[in-house]
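Structural features, examined
Below, each chain spelled out in residue letters.
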Amino acid sequence: MSPGMGMKRISSIAAQSKLTTELSRLQELNRLKAAAEERKRVEEAVKTNEALLRLFIKHTPAAIAMFDTNMRYLQVSDRFLTDYDLEGQDLIGKSHYVVFPHLPDRWKEVHRRILTGAVERCEEDPYTTSDGSTGWLQWESLPWRKGNGEIGGLILFTQVITGRKRSEEALRASEERFAKIFNLTPFRMGILRIRDGVVLEVNDAWIRDTGFARDEIINQPIFTLSSVMADSLVEQLHQVLTTQNPALDLEVRFKSKDGREVIANTSAVIIDLDGEPCYLWAANDITERKHAEEALRASESRFSIAFNSNPMLATISMLEGGRFLAVNDSFISLTGYSRAEAVGHTALELNLWPNPEVRRKVMEKLKREKRVRDFEAGIRLKNGEERMLLLSVEKIELDGQVCLLHVANDVTLRNRAEEALRALSARLRSAREEEGTRIAREIHDELGGALTGLKWDLERINTMLATATDFSDVHKRIDSMTTTIEATINTVRRIASELRPGVLDDLGLVAAIEWQVQQFQARTGLKCHWTNTVNELELDREKATAVFRILQEILTNVLRHAQAANLYVKLSRTKHHFELEVKDDGRGITRNQRMNSRSLGLLGMKERALLVGGEVRITGKEGHGTTVLVRVALSA
Ligand SMILES: Nc1ncnc2c1ncn2[C@@H]1O[C@H](COP(=O)(O)OP(=O)(O)OP(=O)(O)O)[C@@H](O)[C@H]1O
Ligand SMILES: [Mg+2]
């Protein structure tokens, strides 16, 4: 205001100003009143809001706490109390650090930062719970401000996520465990998507065992490997993928990359992989076991062939108790016992040993040695007949049990043949001696006699010549000597021809046979029928002699045994053989006589033929005669 102003003006101004002052006081009063009313309204609203906030905080289903700048609780939600085991306690006004005396420093740091304006959160934060275990929190905290913008404290939102965290950890642990098992297990494992058969994963064992690289199979349909799979496996896989059933203990065969056969025992279960149904398969390699089994089976079948179709008789029995575990076909056909009758029984029960002493000896020898070889032992057949066996016994182990493998040869026939041979050679020896004796006697009687007579004649002639005048007596004596000498020459011829059929050398085989047959007819009166289609023969002396001697033996037999009226002799030849057939119409040789090992005459014929590579076949029918066929190969 300026000092040059008039009083009136001043008073008017004063009056005016007083009025104005009054007016403004009034206005101020009104304003104050309005403000007071407003404040009251605001205060009430604030009170309402605070009550609402407290209510909201108390009942909100999250853990919320509100602190002042000294970290004293202003508000706290029920959930907060339950989460931290503080139910029933009144925290309001208490210090957070008193309530939680062991709060880590890093959190106190956090609080300080927030009280200076920071906003912080943490997704996973470990803490020690009231019982000392580790819990996990997710939290967020921010400052709250007063009306004037000043920071009044902080609000803390927390969520205990220990449960979730644990189950996540459990899941991770189980996934880790699975991954570990998946890759460390010696079993081959893999995961196969059912929808399209694509292999999602295979483990290290699979890679190692199959020799395929990871990218040759991962993310490829399993059928990419069809070429190395057994046909049956491809089929099985198609089936497993379409039926979608868990598969247990499938035997799976395929070839590894380097061509080895791989056999696995495989099981598969259905698992869910991110919502996609898949097979998780695990395979146990059984290649070696399988191959061993197959080798065993093969060897068993080889053994069983060797055992069963062995022409020798074979049995397997337990050492302990002696029960038969197996007998072969030869055993069955020789003894007459069926397999059912033999297996499970002992030799003693079947009464197989005619001589228990032999059995005792065999068993005793077996106690000392691992095997017994070529033991002659009798065996009694089911029909009571006895046979001679050449027995070998060996101790073998079968499924951990000591067993005996008996192998035997029926040597009855061989023994009989040997016997026959022995008899034959004895007879040949005695025949030769007889022959010698006979020839000696003949030489002695006939030649000796004749020569003695001749000597006597000569002495007489000598005496006669000294005294006689008439020589007619001398002439007579010389004539008689000539007769004696002629007879002696004949005797010598006869003896010589018996020693070796001279006709053979003189006439050849065909004519010698004809001559022999004629002689036979003349001597016996049997009617002989002669058929010959052979002119010339290329037969060496040995063969010719054999045929001739056999013929003589046949004729002797006919004379001695046949009581025949007719004899049919036929000579023929084929491209490579000469055949002599002699047939009589006598009583006929029987089978027994033919087969008898004591028929030494017949055996001798056969032997003779065999010695020159030929054969003798004898047939006959009782009442219908006997036929003997002699066959030798022509000399080349
Ligand atoms: N032609 C035949 N007709 C009928 N039976 C015969 C004939 N030849 C042989 N047999 C029978 O066969 C048996 C065996 O003949 P084999 O020549 O071996 O013996 P064997 O003539 O009796 O005596 P040997 O040893 O002296 O020859 C004879 O005993 C006889 O019973
Ligand atoms: Mg005879």
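No experiment lies behind these values; they were computed from the predicted model shown.

To continue, consider the overall build of the chain. If you tally the helices and strands in the chain, you get 18 helices and 20 strands. Here the C-alpha radius of gyration of the chain, 66 Å, is well above what a compact globule of 636 residues would show, namely 26 Å. Across its three principal directions, the C-alpha atoms of the chain cover 255 × 55 × 50 Å. In the chain, buried positions account for 18% of the 636 residues. Long-range contacts, defined here as pairs at least 24 residues apart, represent 48% of the contacts in the chain between residues at least 6 apart.

Another aspect to go through is helix α12 (residues 412–467). Over its 56 residues, α12 runs 80 Å from end to end, which matches the ideal 82 Å to within 8%, given 1.5 Å per residue. Taken as a whole, α12 carries its principal kink of about 30° at Gly448. In terms of residue burial, α12 counts as a barely covered element, since only zero of its 56 residues are buried.

For the rest of this paragraph, the subject is the site of ligand 1. Taken together, 16 residues form the shell around ligand 1, and within it Asn557, His561, Ala562, Ser599 and Gly601 come nearest. Contributions of two or more residues to the shell around ligand 1 are made by α16 (541–562) and α18 (600–611). It is α16 that provides the largest number of residues to the shell around ligand 1, a total of five residues. Taken together, the residues that form the shell around ligand 1 break down as five nonpolar, eight polar and three charged.

Let us now look at helix α8 (residues 287–308). With 22 residues, α8 extends 30 Å from end C-alpha to end C-alpha; this agrees with the ideal 32 Å at 1.5 Å per step. Counting buried residues in α8 gives one out of 22 residues, a small share hidden from the surface.

We now examine unusual backbone geometry. Across the chain, the bulk of peptide bonds are trans and the bulk of non-glycine residues have phi less than zero. Backbone geometry at Asp85 places phi at a positive 55°, although glycine is not the residue there. Relative to the helices and strands, Asp85 is located in the loop between α2 (78–83) and α3 (96–99). The phi angle at Asn351 is positive, at roughly 60°, despite the residue not being glycine. Tracing the backbone shows Asn351 in the loop between α10 (339–342) and α11 (356–368).

To continue, consider the domain arrangement of the chain. Structurally, the chain comprises domain 1 (60–162), domain 2 (185–291), domain 3 (309–410), domain 4 (416–496) and domain 5 (501–633). Centre-to-centre, using C-alpha coordinates, domain 1 lies 97 Å away from domain 3.

Our focus in this paragraph is the sheet that holds strand β10 (residues 276–285). In spatial order, the strands read β7-β6-β10-β9-β8; together these five strands make up an open sheet with antiparallel pairing. With partners counted over all chains shown, the strands left at the sheet margins are β7 (199–202) and β8 (247–255), one partner each. Ignoring strand direction, the axes of neighbouring strands in this sheet form an average angle of 30°.

Relative to the helices and strands, Phe303 resides in helix α8. Classification of Phe303 by C-beta neighbours within 10 Å gives exposed; the count is 11. In the structure, Phe303 is positioned 195 residues away from Glu498 in sequence and 60 Å away in space, judged by C-alpha atoms.

Moving on, we come to the sheet that holds strand β3 (residues 120–128). A sheet is described by the order of its strands in space; here five strands give the open sequence β2-β1-β5-β4-β3, paired in antiparallel fashion. Where the open sheet ends on each side, the last strands, each with one partner, are β2 (73–76) and β3. In this sheet, adjacent strand axes meet at a mean angle of 25° when their direction is disregarded. Both strand β1 (residues 63–68) and strand β5 (residues 151–160) contribute to a ladder of six bridges, which runs antiparallel. Looking across to β5, one finds that Asp68 is bridged to Gly153.

Okay, the pairing of strand β14 (residues 386–398) next. Bridge count between strand β13 (residues 371–380) and β14: eight bridges; the pairing is antiparallel. The partner of Ile379 across the bridge, within β14, is Arg387. Where β13 folds back onto β14 in an antiparallel hairpin, the turn is made up of five residues, including Gly384, whose phi is positive at roughly 90°. As judged from the 10 bridges shared by β14 and strand β15 (residues 401–410), these two strands associate in the antiparallel manner. If you follow Glu394 over to β15, its bridge partner there is Leu405.

For Phe157, the location among the structural elements is in strand β5. Assessed through the 17 C-beta atoms surrounding it within 10 Å, Phe157 is described here as partly exposed. With 155 residues separating them along the chain, Phe157 and Met312 place their C-alpha atoms 98 Å apart. Leaving out residues up to four positions away in the same chain, Phe157 has contacts with Ala62, Ala63, Ile64, Trp139 and Glu140.

About the criteria used
- Residues numbered from 1 in each chain as written.
- Chains lettered and ligands numbered in written order.
- Predicted model: local features only at pLDDT ≥ 70, side-chain atom pairs only at ≥ 80, totals over all residues.
- Helix = DSSP H or I, 4+ residues; strand = E, 2+ residues; numbered from the N terminus.
- Rg over C-alpha atoms; globule rule 2.2 N^0.38 Å.
- Buried ≥ 20, exposed ≤ 12 C-beta atoms within 10 Å, placed from the backbone.
- Contact = placed C-beta atoms within 7 Å.
- Expected span 1.5 Å × (residues − 1).
- Bend = angle between axes of the 7 residues up to and from the residue.
- Near = placed C-beta within 6 Å.
- Nonpolar A, V, L, I, M, F, W, Y, C, P; charged D, E, K, R; others polar.
- Domains from an automatic or database assignment.
- Pairing = 2+ DSSP bridges.
- Axes fitted to C-alpha atoms, helices over the stretch in contact; angles between N-to-C directions.

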